[in-house]
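Examining the three-dimensional arrangement
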Amino acid sequence: MRLTTSIFTLHPEAAFDCHALQWGSWTKDGSSNGPGGYNSIQHILYSIKITHFYKIMFNHTITGGISIFTSGNKHAVVDKLFIAPEFQNKNIGTQTMYLIAI
């Protein structure tokens, strides 16, 4: 769990902060660069417990993560999807969404 914890507290924050620099803040008033709890260790640990939380790998390196809520047999909601800034624009997020859909 320690490795998972350190990975998911660094990558979400870096990914959402990079997004905010390029596209603007998550909120209109500029008070947050990402969704609620994106930079909170407690929130990440909670998400790991209550969702299907997966690491995203590229060339044997953890490059991001995705958390998915499921309800019923054929229903799911992507809670968070994040890719570390140095791995963005490589089609990793798109491929992740494709793989979870099949």
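The following paragraphs examine the structure supplied in this document. (Residues numbered from 1 in each chain as written. Predicted model: local features only at pLDDT ≥ 70, side-chain atom pairs only at ≥ 80, totals over all residues. Heavy atoms only, no water.)

1. Details of unusual backbone geometry
- The backbone of Asn 59 shows a phi angle near 50 degrees, a positive value even though the residue is not glycine.
- Look at Asn 59 and you get exposed, because its relative accessible area is 61%.
- We note that Asn 89 has phi near 65 degrees; this positive angle belongs to a residue other than glycine.
- You can see Asn 89 is positioned in the loop between β3 (76–83) and α3 (92–101).
- According to the relative accessible area criterion, Asn 89 is exposed, its value standing at 79%. (Buried < 20%, exposed > 50% of the residue type's maximum accessible area, 1.4 Å probe, protein only. Helix = DSSP H or I, 4+ residues; strand = E, 2+ residues; numbered from the N terminus.)

2. A few points about the pairing of strand β1 (residues 52–58)
- In this sheet, strand β2 (residues 61–70) lies alongside β1 in antiparallel orientation, the contact comprising seven bridges. Looking at the pairing, His 52 lines up with Ile 68 of β2. (Pairing = 2+ DSSP bridges.)

3. Regarding the packing of aromatic side chains
- Inspection of the entire model under this criterion finds one aromatic pair.
- With a centroid separation of 6.2 Å and 70 degrees between ring planes, the pair formed by Phe 58 and Phe 87 is classed as edge-to-face. Placement of Phe 58 in strand β1 and of Phe 87 in the loop between β3 and α3 is noted, with a sequence separation of 29 residues between them.
- Taking relative accessible area as the criterion, Phe 58 reaches 31% and is therefore assigned partly exposed.
- Judged by its relative accessible area of 16%, Phe 87 is buried. (Phe/Tyr/Trp six-rings, centres within 6.5 Å; stacked < 30°, edge-to-face > 60°.)

4. Some remarks on a nonpolar patch on the surface
- On the surface, Tyr 46, Ile 50, Phe 69 and Val 77 cluster together to form a nonpolar patch covering roughly 370 Å² of accessible area.
- Structurally, the position occupied by Tyr 46 is in helix α2 (residues 41–50).
- Judged by relative accessible area, Tyr 46 falls into the partly exposed class, the value being 47%. (Patch = residues over 30% accessible without salt bridge, like charges linked within 9 Å, V, L, I, M, F, W, Y side chains within 5 Å. Areas by Shrake-Rupley, 256 points an atom, 1.4 Å probe, with all protein chains shown as cover. Salt bridge = Lys/Arg side-chain N within 4 Å of Asp/Glu carboxyl O.)

5. Regarding the sheet that holds β2
- Spatially, the three strands line up as an open sheet ordered β1-β2-β3, and their pairing is antiparallel. Looking along the sheet, the strands with just one partner apiece sit at the ends: β1 and β3. The mean inter-strand angle of the sheet, taken between neighbouring strand axes irrespective of direction, is 20 degrees.
- Together, β1, β2 and β3 form the strand contacts of α3, whose direction differs from that of β3 by roughly 155 degrees. (Axes fitted to C-alpha atoms, helices over the stretch in contact; angles between N-to-C directions. Contact = heavy atoms within 4.5 Å.)

6. As for the pattern of salt bridges
- Following the criterion strictly, the structure yields one salt bridge and no others.
- Linking Lys 80 and Asp 79 is a salt bridge whose minimum nitrogen-to-oxygen distance equals 3.1 Å.
- Owing to a relative accessible area of 30%, Asp 79 belongs among the partly exposed residues under this scheme.

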